[in-house]
Amino acid sequence: MNHAELTSALAGISGHIHIKKLDIKSQQQRLAFALEYAVNQDLPPDCSRADSAKIALADHYIQMNALQYQLGVLVEKQKNIKKSLARLAA
């Protein structure tokens, strides 16, 4: 890839990283609400509503982990593009 293509790719990855960080922030809020809901339930542990709250909490946690993994992949791609740009500049 030439310098222009790498610069364009870097800008695109940077935009994706910004959006992914916003997604993570939003997911963190959903996870916090789900946790608050699950903790504040005065329900017996064998109640189906308590089970639903636990399932929702687990689902939000899984989604958060997936978003963080995706962010990690994007950051790694960004590092590789920056390295390529540095090699071109040398």
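Everything numeric here is computed off the predicted structure, so don't read it as measured data.

Now for the overall build of the protein chain. A tally of helices and strands in the protein chain yields two helices and zero strands. The C-alpha atoms of the protein chain give 20 Å as radius of gyration, which overshoots the globular expectation for 90 residues (12 Å, by more than 25%). By residue count, 24% of the 90 residues in the protein chain fall in the buried class. Nonlocal contacts in the protein chain, meaning residues at least 24 apart in sequence, comprise 79% of its contacts between residues at least 6 apart. Accessible surface, the protein chain: about 6400 Å² in total, of which carbon and sulfur atoms supply 61%.

Within the largest apolar cluster, 11 residues are counted, these being L6, L10, I13, I17, I24, M64, L67, L71, L74, I81 and L85. By residue number, the principal contributor to this core is helix α2 (residues 48–89), which donates six residues. The residues touching I13, leaving out its near neighbours within four places in the chain, are L74, K77, Q78 and I81.

Before going further, it helps to spend a moment on the packing of helix α1 (residues 3–39) against α2. One way to put it is that α1 packs onto α2 with a least axis distance of 8 Å and a crossing angle of 160°. Between α1 and α2, the interaxial angle falls into the category roughly antiparallel. Crossing of α1 over α2 shows left-handed handedness. Taken together, the residues of the contact of α1 with α2 break down into 22 nonpolar, 12 polar and seven charged.

Structurally, the position occupied by A86 is in helix α2. Spatially, the C-alpha atoms of A86 and H3 are 9.8 Å apart, while their sequence positions differ by 83 residues.

Okay, the environment of I24 next. For I24, the position within the fold is in helix α1. By relative accessible area, I24 is classed as buried at 8%. Along the backbone, I24 and A66 are 42 residues apart, and their C-alpha atoms lie at a distance of 9.5 Å. Not counting the four nearest positions on each side in its chain, I24 is found in contact with M64, L67, Q68 and L71.

With that out of the way, let us pick up the side chain of K20. Mapped onto the elements of the fold, K20 is located in helix α1. Within the local environment of K20, its side chain forms a polar contact with the side chain of Q70, the two groups lying 2.7 Å apart. In contact with K20, other than residues within four places in its own chain, are L67, Q70, L71 and L74.

For the α-helix, the turn length of 3.6 residues means that residues three or four positions removed from each other point alike. For α2, spanning 42 residues, the distance from its first C-alpha to its last is 61 Å, which sits close to the expected 62 Å at 1.5 Å a residue. Along α2, the positions that sit buried rather than exposed are A50, A53, H60, M64, L67, L71, L74, Q78, I81, S84 and L85. Packing partners of the buried residues in α2 comprise α1.

What counts as what
- Residues numbered from 1 in each chain as written.
- Predicted model: local features only at pLDDT ≥ 70, side-chain atom pairs only at ≥ 80, totals over all residues.
- Heavy atoms only, no water.
- Helix = DSSP H or I, 4+ residues; strand = E, 2+ residues; numbered from the N terminus.
- Rg over C-alpha atoms; globule rule 2.2 N^0.38 Å.
- Buried < 20%, exposed > 50% of the residue type's maximum accessible area, 1.4 Å probe, protein only.
- Contact = heavy atoms within 4.5 Å.
- Areas by Shrake-Rupley, 256 points an atom, 1.4 Å probe, with all protein chains shown as cover.
- Core = buried A, V, L, I, M, F, W, Y, C linked by side-chain atoms within 4.5 Å.
- Axes fitted to C-alpha atoms, helices over the stretch in contact; angles between N-to-C directions.
- Parallel < 35°, antiparallel > 145°, perpendicular 65-115°, else oblique.
- Left-handed = near helix turned anticlockwise from the far one by under 90°.
- Nonpolar A, V, L, I, M, F, W, Y, C, P; charged D, E, K, R; others polar.
- Polar contact = N/O pair within 3.5 Å; in protein donor to acceptor, adjacent residues only side chain to side chain.
- Expected span 1.5 Å × (residues − 1).

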